[in-house]
Amino acid sequence: MICDNITVSENGRLLFAGQDTVELARQYGTPLYLMDEDKIRENCRVYAAAFQKHFGDRARPLYASKANSFKRIYEIMKEEQMGIDVVSSGEIYTALQAGYDLSRAYFHSNNKTDEDIRYSMENGIGYFVADNVEEIRAIEAEAARRGVRQKVLLRLTPGIDPHTYEAIATGKVDSKFGSAIETGQAEEITAFTLQQPHVELVGFHCHVGSQVFAEDVFERAAVIMLEFVAAMKNKYGYMAQQLDLGGGYGVRYVESDPDLDVDTKVGEVAAAIRQACARLEIDLPEIHMEPGRSIVGAAGMTLYTAGTVKKIPGYKNYVSVDGGMPDNPRFALYGASYTCLLANKMNEPAGFECSVVGRCCESGDIIQEHVMLPASVGRGDIVAVCTTGAYNYSMASNYNRLPRPPIVMLRGGGEHYVAVRRESLEDLCRNDR
Ligand SMILES: Cc1ncc(COP(=O)(O)O)c(C=O)c1O
Ligand SMILES: N[C@@H](CCCC[NH3+])C(=O)O
């Protein structure tokens, strides 16, 4: 199986976190998001231990909460002592509702509104990761109005192609994010920020892309960033205290995806960083990374009920499920890969090739193509889609007026509880007048 929290019972039922998915589908209904709480915590600890081992006390991972944002997840991050990355007032509000202390939060986004800046400062945001000069002006103005000095990092683009889906690559010069080192804009924003009386520049940030497996992307980004740090030290006498390398590593969606060892990978990045610092004669800054997908991705699974099975002789077969692109838009957006299983028939051979599709009025409403399921698949069977913990619920919509599914958390000892309740039909009209 693609992750160690997915197994099969003797009677051919798919188990997730040791629990019977068919039973969970019966109890909570479908579509249903499941989240394995123990796996989320394990992933946080793997990153925290790797950072401690390779960088020491000051370095730390921040959870990129865009990957999956709901109250319970921020409670878990608080308990696991993770920092967080937020990108909107909505994520901040949700974190506050969970009692999360915002002094450990980093506010990203390429376009923070004045209201975002005001709201987050009012609630004690720790850091802004400013994307451009206009944002520095806006933060300076709000900090001056409040009579405080606000900590910021600057998001720079190191000019690296991470070889991931084009739509989720972010570190190239031609990007809506950040100020490019190559064009001189990174230096301009640094010099400008250092002149601001109410803004304290604490360091630099970069992010090269998501679902990254390529060998040395983080190492290359780190070296480019450290060369910039050294250049700013030499030219302006400014030494960055923090260097944030952006998101985490890729996760396994299908058998052919590699299974990366975070400790080894962080160790490799640390070695490259130490070597660069020695060569450039600068101190080691505090190092951060912001994993999202690799904290929650494999901790998630979506369950659907199969409906229509359509066989078109000479063409292909379709298995329709009771959800689709509103709860998982990633195939429609990126052509993303997923592993689909028939949860109640795991002991039958999977010899029937089909496309698993949603119920929306849209041909592109596809969960996955070229799926192999048992030939007996039919109405009422439970289709499980693995590794849906990241960028599924957080990207979900109400397209075709479909209510969003609930999130049920699973814990060791067979415990399960609702973290986000299922949207009702009434919820759909809540804001209509
Ligand atoms: C600035 C930033 N940080 C962190 C992340 C999280 O990345 P990932 O989910 O790949 O770990 C992203 C998303 O790609 C991001 O844009
Ligand atoms: N939402 C994307 C990744 C973008 C992450 C944020 N920069 C995905 O599902 O893969």
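Residues numbered from 1 in each chain as written. Chains lettered and ligands numbered in written order. Predicted model: local features only at pLDDT ≥ 70, side-chain atom pairs only at ≥ 80, totals over all residues. Heavy atoms only, no water.

Quick notes on the sheet that holds strand β3 (residues 19–20)
- Ordered by their spatial adjacency, three strands build an open sheet running β1-β2-β3, and the pairing between neighbours is antiparallel. A single partner strand is all that each edge strand has here, and the edge strands are β1 (6–8) and β3.
- Looking at chain direction, β1 and strand β2 (residues 14–16) are connected through three bridges and run antiparallel. By the bridge assignment, V8 is partnered in β2 with L14. (Pairing = 2+ DSSP bridges. Helix = DSSP H or I, 4+ residues; strand = E, 2+ residues; numbered from the N terminus.)

What about the pattern of salt bridges?
- This model, assessed by the stated rule, comprises 33 salt bridges.
- When the shortest N-O distance is used, the salt bridge between K39 and D4 registers 2.7 Å. Here the residue K39 occupies a position in helix α2 (residues 37–55), and D4 occupies one in the segment before β1, the gap between them amounting to 35 residues.
- Assessed through its relative accessible area of 61%, D4 is described here as exposed.
- We note a salt bridge from D427 to R430, for which the minimum N-O separation is 3.7 Å.
- Residue classification places D427 among the buried positions, given a relative accessible area of 15%.
- In the salt-bridge network here, residues are joined through shared partners; they are E37, R41, R45, R72, E75, E79, E80, R411 and E415. (Salt bridge = Lys/Arg side-chain N within 4 Å of Asp/Glu carboxyl O. Buried < 20%, exposed > 50% of the residue type's maximum accessible area, 1.4 Å probe, protein only.)

Details of the side chain of T387
- Secondary-structure assignment places T387 in the loop between β19 (382–386) and β20 (407–411).
- According to the relative accessible area criterion, T387 is buried, its value standing at 3%.
- At a separation of 3.3 Å, a polar atom in the side chain of T387 contacts the main-chain carbonyl oxygen of R252.
- What T387 contacts, discounting residues up to four positions off in sequence, is I2, V251, R252, Y253, G297, A298, G300 and Y338. (Polar contact = N/O pair within 3.5 Å; in protein donor to acceptor, adjacent residues only side chain to side chain. Contact = heavy atoms within 4.5 Å.)

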